[in-house]
Amino acid sequence: MQDLEQLINVPKPAWDILETWFAQTRNSFEILEKDDERAAQELLTLQLNIGTPLGAVIFETGGILVKNGWLRLLGSGSKKMDRGLTEWNYGKTFAESGEKPSYLLVADDVIGGYFALNSGGLSGGLGKIHYYSPVTEQWKDLNLGYSEFLGWALNADLDSFYQGLFWDNWQQQVGELSGNQVLIFSPELSVKTDNQRHSQVVPIERHYQATFKIDDKFGGAYSVS
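If you're wondering where the values come from, they're calculated on a predicted model, not measured in any experiment. (Residues numbered from 1 in each chain as written. Predicted model: local features only at pLDDT ≥ 70, side-chain atom pairs only at ≥ 80, totals over all residues. Heavy atoms only, no water.)

K.L.:
Sorry if this is basic, but what is going on with the sheet that holds strand S3 (residues 71-74) here?
P.N.:
Adjacent strands of a sheet form backbone hydrogen bonds with each other and so pair up, either parallel or antiparallel. The strand order across the open sheet formed by seven strands is S1-S2-S3-S4-S5-S6-S7, and the pairing between neighbours is antiparallel. Looking at strand neighbours, the two that pair on one side only are strand S1 (29-31) and strand S7 (138-141), the edges of this open sheet. Across this sheet, the average inter-strand angle for adjacent strands is 25°, counted without regard to direction. In the sheet, strand S6 (residues 129-133) pairs with S7 via four bridges, with the strands oriented antiparallel. Among the inter-strand pairings, Tyr-132 is bridged to a residue of S7, identified as Trp-139. The strands that helix H6 (residues 146-155) touches are S1, strand S2 (63-66), S3, strand S4 (103-109), strand S5 (114-118) and S6; relative to S3, the one it contacts most, it runs at about 150°. (Pairing = 2+ DSSP bridges. Helix = DSSP H or I, 4+ residues; strand = E, 2+ residues; numbered from the N terminus. Axes fitted to C-alpha atoms, helices over the stretch in contact; angles between N-to-C directions. Contact = heavy atoms within 4.5 Å.)

K.L.:
Would you mind going over the side chain of Ser-76 with me for this structure?
P.N.:
Along the chain, Ser-76 falls in the loop between S3 and helix H5 (85-89). One polar contact links the side chain of Ser-76 to the main-chain carbonyl oxygen of Ile-58, over a distance of 3.1 Å. (Polar contact = N/O pair within 3.5 Å; in protein donor to acceptor, adjacent residues only side chain to side chain.)

K.L.:
Sorry, what's going on with the environment of Leu-54 here?
P.N.:
Tracing the chain through its elements places Leu-54 in helix H4 (residues 53-60). Taking the C-alpha atoms as reference points, Leu-54 and Ser-147, 93 residues apart in sequence, are found 7.5 Å from one another. In contact with Leu-54, not counting residues within four places along its chain, are Leu-48, Leu-85, Leu-104, Leu-117 and Tyr-146.

K.L.:
I tried to follow the environment of Glu-42 on my own but got confused; where do I start?
P.N.:
On the secondary structure map, Glu-42 appears in helix H3 (residues 36-46). The spatial distance from the C-alpha of Glu-42 to the C-alpha of Leu-85 is 7.4 Å, given a sequence separation of 43 residues. A polar contact of 3.3 Å, which involves the side chain of Glu-42, links it to the backbone nitrogen of Leu-85. Side-chain polar atoms of Glu-42 contact the backbone nitrogen of Thr-86, separated by 2.7 Å.

K.L.:
What exactly am I supposed to notice about unusual backbone geometry here?
P.N.:
Apart from glycine, the bulk of residues carry a negative phi angle, and the bulk of peptide bonds sit in the trans form. With an omega dihedral of -5°, the bond running from Ser-186 to Pro-187 counts as a cis peptide bond. When you line up the elements, Pro-187 lands in the loop between strand S8 (181-186) and strand S9 (198-203). The backbone of Asn-169 sits at a positive phi, close to 60°, despite the residue not being glycine. When you line up the elements, Asn-169 lands in the loop between helix H7 (158-161) and helix H8 (170-175). Under the relative-accessibility criterion, Asn-169 is labelled exposed at 60%. (Buried < 20%, exposed > 50% of the residue type's maximum accessible area, 1.4 Å probe, protein only.)

K.L.:
How do you make sense of the nonpolar core when you look at a structure like this?
P.N.:
Nonpolar side chains tend to gather and get buried jointly when the protein is soluble and globular. Among the nonpolar cores identified, the biggest contains 62 residues, and Leu-73, Val-106, Phe-115, Phe-149 and Trp-152 are the most heavily contacted of them. Per element, the largest residue contribution to this core is six residues, and it comes from H6. Each residue touching Val-106, except ones within four places of it in the same chain, is listed here: Arg-72, Leu-73, Leu-74, Leu-85, Phe-115, Ala-116, Leu-117, Ile-129, Tyr-146 and Phe-149. (Core = buried A, V, L, I, M, F, W, Y, C linked by side-chain atoms within 4.5 Å.)

K.L.:
Honestly, the pattern of salt bridges in this entry has me stumped. Any pointers?
P.N.:
In a structure, side chains of opposite charge can pair up when their charged atoms sit close to one another. Enumeration according to the criterion identifies nine salt bridges in this entry. For Glu-205, the salt bridge identified is with Lys-92, shortest N-O distance 2.8 Å. With Glu-205 in helix H9 (residues 204-212) and Lys-92 in the loop between H5 and S4, this pair connects stretches of sequence that are 113 residues apart. For Glu-205, a relative accessible area of 32% translates into the label partly exposed. The exposure class assigned to Lys-92 is buried, which follows from its relative accessible area of 8%. Because the salt bridges share partners, they merge into one network encompassing Arg-38, Asp-82 and Glu-87. (Salt bridge = Lys/Arg side-chain N within 4 Å of Asp/Glu carboxyl O.)

Keep in mind these values describe shape, not function.
Here is the structure:
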């Protein structure tokens, strides 16, 4: 168990490199202000040093919003996205302190998609980012490590990745959401339709519980309807 000084006193902090990435990105982004005490606690709990990109994002940011907040990368939590990476994963990917998570939720999007770093609980590459799509309702291995995923989020053609899922004036609706909310649709995105979909704002906690049918061990199951 390393203390905070050991985790932050590293020869090459990854944040120095990440700052050069932020200076030349394709997609718009917002780095959320961190709370120092909260950031330190998140780092200690996860036992990551800031020489790793994930450790740097946790320690240096309250989270990162990409493309007007469509995509949300978890950091240590902030007023705008009040959930740190470790606290968000507790009760979802691990049940007790010190337990190895089956995967680590590191990001999500406003339409109910989840990005997770696989540590054995998902079929596919270990240490690779997987995406749970609300369209297919399945996990897909993106074959990206965390640093590659961060670069992808900042520079990828997200219009192509989310082809057909953006709607007219989506920026205004998404901009009104907090980082703790998602949109659900009727008909659901998994259902093909030529009709207009209607959306509803729900807490992301409630959405995750319903999507993955979390049992009473993790606080009960919910319905998003």
